[in-house]
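Now for the letters of each chain:
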Amino acid sequence: MKNRTAFTILLILNILYGLTLLLYPFMLIVVAFSFDDPAAAHNGFVYTYVAILLSYPLGPLLSFICWFFYHRFAFKWAYATANLTLLWVIAFCLCLPFFD
């Protein structure tokens, strides 16, 4: 092992993000019902919301790139790429206030 602490942190993060992919089918159900409101057709934020929800698997899948940086001894880059999923959470939280 190159760095035991980095390995443990990256492994835990990748396992957690991988487990969240199991809940992704339920997110697709939410997307399917996003357009039920008649006013939603005129609300441009619904399309942003749907795009954010549909793009969720990119975060966990791209976070696996962290192992490339781990093997190249670039541990800061490994931590940064392992947390790419948090960008999705920030985008989702920024979008929610527009749905009042």
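Residues numbered from 1 in each chain as written. Predicted model: local features only at pLDDT ≥ 70, side-chain atom pairs only at ≥ 80, totals over all residues. Heavy atoms only, no water.

Things to note about the overall build of the chain
Rules: Only DSSP runs of H or I reaching four residues or more are called helices, and only runs of E reaching two or more are called strands; each is numbered from the N terminus. The quantity called the radius of gyration is restricted to C-alpha atoms. Its globule counterpart is 2.2 Å times the number of residues to the power 0.38. Here a residue-residue contact requires only that any non-hydrogen atoms of the pair lie within 4.5 Å.
Looking only at helices and strands, the chain features seven helices and zero strands. Relative to its length of 100 residues, the chain is extended, with a C-alpha radius of gyration of 17 Å against a globular reference of 13 Å. Sequence separation of 24 or more characterises 71% of the internal contacts of the chain that already satisfy a separation of 6 or more.

Examining the packing of helix α2 (residues 24-32) against helix α3 (residues 44-54)
We apply this condition: Only the stretch in contact is used when fitting a helix axis, every axis being a line fitted to C-alpha atoms; angles between N-to-C directions are given from 0 to 180 degrees. Oblique is the label for every angle not falling under 35 degrees (roughly parallel), over 145 degrees (roughly antiparallel), or within 65 to 115 degrees (roughly perpendicular). Should the near helix be turned anticlockwise from the far one by less than a right angle, the crossing is termed left-handed; should it be turned clockwise, right-handed. Any residue outside Ala, Val, Leu, Ile, Met, Phe, Trp, Tyr, Cys, Pro, Asp, Glu, Lys and Arg is labelled polar, Gly included; the first ten of those are nonpolar and the last four are charged.
It is at 10 Å that the axes of α2 and α3 come closest, and there the two elements cross at 165°. The angle between α2 and α3 places the two elements in the roughly antiparallel class. The interaxial crossing formed by α2 with α3 has left-handed handedness. In this structure, α2 uses Tyr-24, Met-27, Leu-28, Val-30 and Val-31 to contact α3, whose residues at the interface are Tyr-49, Val-50, Leu-53 and Leu-54. Residues that form the contact of α2 with α3 fall into these classes: nine nonpolar, no polar and no charged.

Brief notes about a nonpolar patch on the surface
Rule in force here: A residue counts toward a patch only above 30% relative accessible area and without a salt bridge, and it is joined to like-charged neighbours within 9 Å or, for Val, Leu, Ile, Met, Phe, Trp and Tyr, to nonpolar neighbours within 5 Å. All accessible-area figures derive from a Shrake-Rupley calculation using a 1.4 Å probe, and residue coverage is judged against the displayed protein chains alone. Note on definitions: salt bridges are taken to be side-chain nitrogens of Lys or Arg within 4 Å of carboxyl oxygens of Asp or Glu.
A contiguous nonpolar patch, built from Leu-11, Ile-12, Ile-15, Leu-16, Leu-19 and Leu-22 and spanning about 560 Å² of accessible area, is present on the exposed surface. Its location among the elements puts Leu-22 in the loop between α1 (4-20) and α2.

As for the environment of Pro-57
Put simply, the rule reads: Only protein chains enter the area calculation, which uses a 1.4 Å probe; residues under 20% of their type maximum are buried, those over 50% are exposed, and those in between are partly exposed.
Looking at the element boundaries, Pro-57 is found in the loop between α3 and α4 (58-62). Residue Pro-57 is classed as buried on the basis of its relative accessible area, which comes to 19%. Distance in space between the C-alpha atoms of Pro-57 and Trp-88 is 9.6 Å, their sequence separation being 31 residues.

Observations regarding the packing of aromatic side chains
We describe a pair of aromatic rings using the distance from one ring centre to the other and the angle between the two ring planes. We apply this condition: Only Phe, Tyr and Trp rings take part, Trp by its six-membered ring, and two of them pair if their centres are within 6.5 Å. Stacked means planes under 30 degrees apart, edge-to-face means over 60, and tilted covers everything else.
Per the stated rule, a full pass over the model turns up nine aromatic pairs. On the basis of an interplanar angle of 45° and a centroid distance of 6.1 Å, the ring pair of Phe-7 and Tyr-70 is categorised as tilted. Of this pair, Phe-7 sits in helix α1 while Tyr-70 sits in helix α5 (residues 66-71), and the two are 63 residues apart along the sequence. We classify Phe-7 as partly exposed; its relative accessible area is 28%. On the basis of relative accessibility, which here comes to 3%, the residue Tyr-70 falls in the buried class.

Considering the packing of α1 against helix α6 (residues 75-82)
Interaxial distance between α1 and α6 falls to 10 Å at its minimum, and their mutual angle equals 15°. Put simply, α1 runs roughly parallel to α6. For the crossing formed where α1 meets α6, the hand is left-handed. Residues Thr-5, Ala-6, Ile-9, Leu-10, Leu-13, Asn-14 and Tyr-17 of α1 pack against Phe-75, Ala-78, Tyr-79 and Ala-82 of α6.

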